[in-house]
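Tertiary structure, described
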Amino acid sequence: MKFTGTITALVTPFIDQELDEGGLAYNIRHQIAKGINGILPLGSTGESPTLSSEEQARVISIAVKEAHGKVPVWVGTGSYCTRQTIEKTKRAKDLGADVALIVTPYYNKPTQEGIYRHFEAISSSIEMPIVIYNIPGRCGINIETPTLMRIAGLPNILGVKESSGNINQVGDVLHSIVEKYPHFLVFSGDDAFTLPMMALGASGVVSVVSNLVPTQVIALVNAALQGKFDLAREIHYQLLPLYKTAFIETNPVPIKTAMELCGMPSGGCRLPLYQMEPENINTLRQLLLEMRLMEL
């Protein structure tokens with residue numbers, strides 16, 4: 001099964017704050033029809049912390065059913081508790097997930113040795129591909145490259161979703177770790193960094209904006225994978241205003257608002273996330289009109 005390319009970090013659609021199962025299934029079918037390389041439910045874009053255990057199981061089951069082996073299903077299973085992460089990852093595997101995306105333990109801020117031991121315990125407990133999710137802005141701690149090097153040597157480790165925003169660190173990871181472990185894949189975790197990271201050798205992106213514009217993101221990533229960087233750069237600049245506006249407030253508030261404005265299943269976010277500020281909605285609406293993604 002192919003794990004490179006464009007992976008969409010799916011939103012979790014709601015209707016009146018309840019899980020919109022039909023809307024989720026529709027969005028997944030839409031992504032697959034557009035040629036996406038994988039789907040990721042229950043990431044931060046999917047508001048996983050606000051979903052009950054039962055809702056999370058339903059989301060995974062729907063994703064697996066709709067993907068039907070056509071594309072791999074990644075599932076966010078990380079938490080700040082190692083035992084809980086192992087339990088959630090085992091459940092995702094039992095429900096048919098193909099890849100576990102496991103975030104750095106957040107809030108309790110372990111040492112680098114603690115981070116290593118966390119992933120060591122997980123990788124030795126579950127036989128399924130694991131992608132590390134490094135996002136210091138949300139977790140309060142960075143996985144340093146020497147630590148990631150150690151983790152990359154563990155069994156079942158497929159790669160890393162790199163969202164540090166530090167292009168020098170990305171370069172170090174791609175140069176040192178991938179050189180030692182050629183199977184280790186690096187994915188951009190930030191849409192705006194997709195092009196520069198792929199120019200350095202990354203294998204794809206876990207994208208937020210592909211919820212709305214999968215065709216364009218797929219075209220950019222495929223162009224970069226084929227070494228057509230003039231074309232990739234052209235698409236990058238076409239999408240750059242959307243990259244910026246999609247993060248004008250905390251993800252996934254803007255992307256869900258954009259999808260709703262364009263008539264796609266999304267619904268609002270669950271508290272503590274709240275609706276966009278009026279001036280930001282106006283900015284977003286104007287951009288969508290300029291990009292011809294919505295009509296007056």
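None of these values were measured; they are calculated from a predicted model.

**Comments concerning the sheet that holds strand 1 (residues 5-9)**
The strand order across the open sheet built from eight strands is 4-1-10-9-8-7-6-5, with neighbouring strands paired in parallel fashion. Only two strands of the sheet have a single partner each, and these edge strands are strand 4 (38-40) and strand 5 (74-76). Across the sheet, the axes of successive neighbouring strands diverge by a mean angle of 25°, strand direction being ignored. Where strand 1 and strand 10 (residues 204-207) come together, four bridges link them in parallel fashion.

**Describing the packing of aromatic side chains**
Inspection of every chain in the model, using the stated rule, returns three aromatic pairs. When the centroid spacing of 5.1 Å and the interplanar angle of 85° are considered together, the rings of Trp74 and Phe187 count as edge-to-face. Taken together, the residues Trp74 in strand 5 and Phe187 in strand 9 (residues 185-188) connect sequence positions 113 residues apart. Since its relative accessible area comes to 0%, Trp74 is described here as buried. Between Tyr80 and Tyr107, the ring centres sit 6.2 Å apart and the planes meet at 45°, which makes this aromatic pair tilted. With Tyr80 in the loop between strand 5 and helix 3 (82-94) and Tyr107 in the loop between strand 6 (99-103) and helix 4 (112-125), this pair connects stretches of sequence that are 27 residues apart. Aromatic ring contacts, followed pair by pair, group Tyr80, Tyr106 and Tyr107 into a single cluster. For Arg150, the ring lying beneath its charged end belongs to Tyr116, and the centroid distance is 3.8 Å. When the ring centre of Tyr133 is taken as origin, the NZ or CZ atom of Lys161, which lies over that ring, is 3.9 Å away.

**Quick word on the pairing of strand 1**
The element strand 1 is largely enclosed, with a buried count of five among its five residues. Summarising the sheet, strand 1 and strand 4 pair through three bridges and their orientation is parallel. Counted as the bridge partner of Ile7 is Gly38 from strand 4.

What counts, and at which threshold
Residues numbered from 1 in each chain as written. Predicted model: local features only at pLDDT ≥ 70, side-chain atom pairs only at ≥ 80, totals over all residues. Heavy atoms only, no water. Pairing = 2+ DSSP bridges. Helix = DSSP H or I, 4+ residues; strand = E, 2+ residues; numbered from the N terminus. Axes fitted to C-alpha atoms, helices over the stretch in contact; angles between N-to-C directions. Phe/Tyr/Trp six-rings, centres within 6.5 Å; stacked < 30°, edge-to-face > 60°. Buried < 20%, exposed > 50% of the residue type's maximum accessible area, 1.4 Å probe, protein only. Lys NZ or Arg CZ within 6 Å of the ring centre and 35° of its normal.

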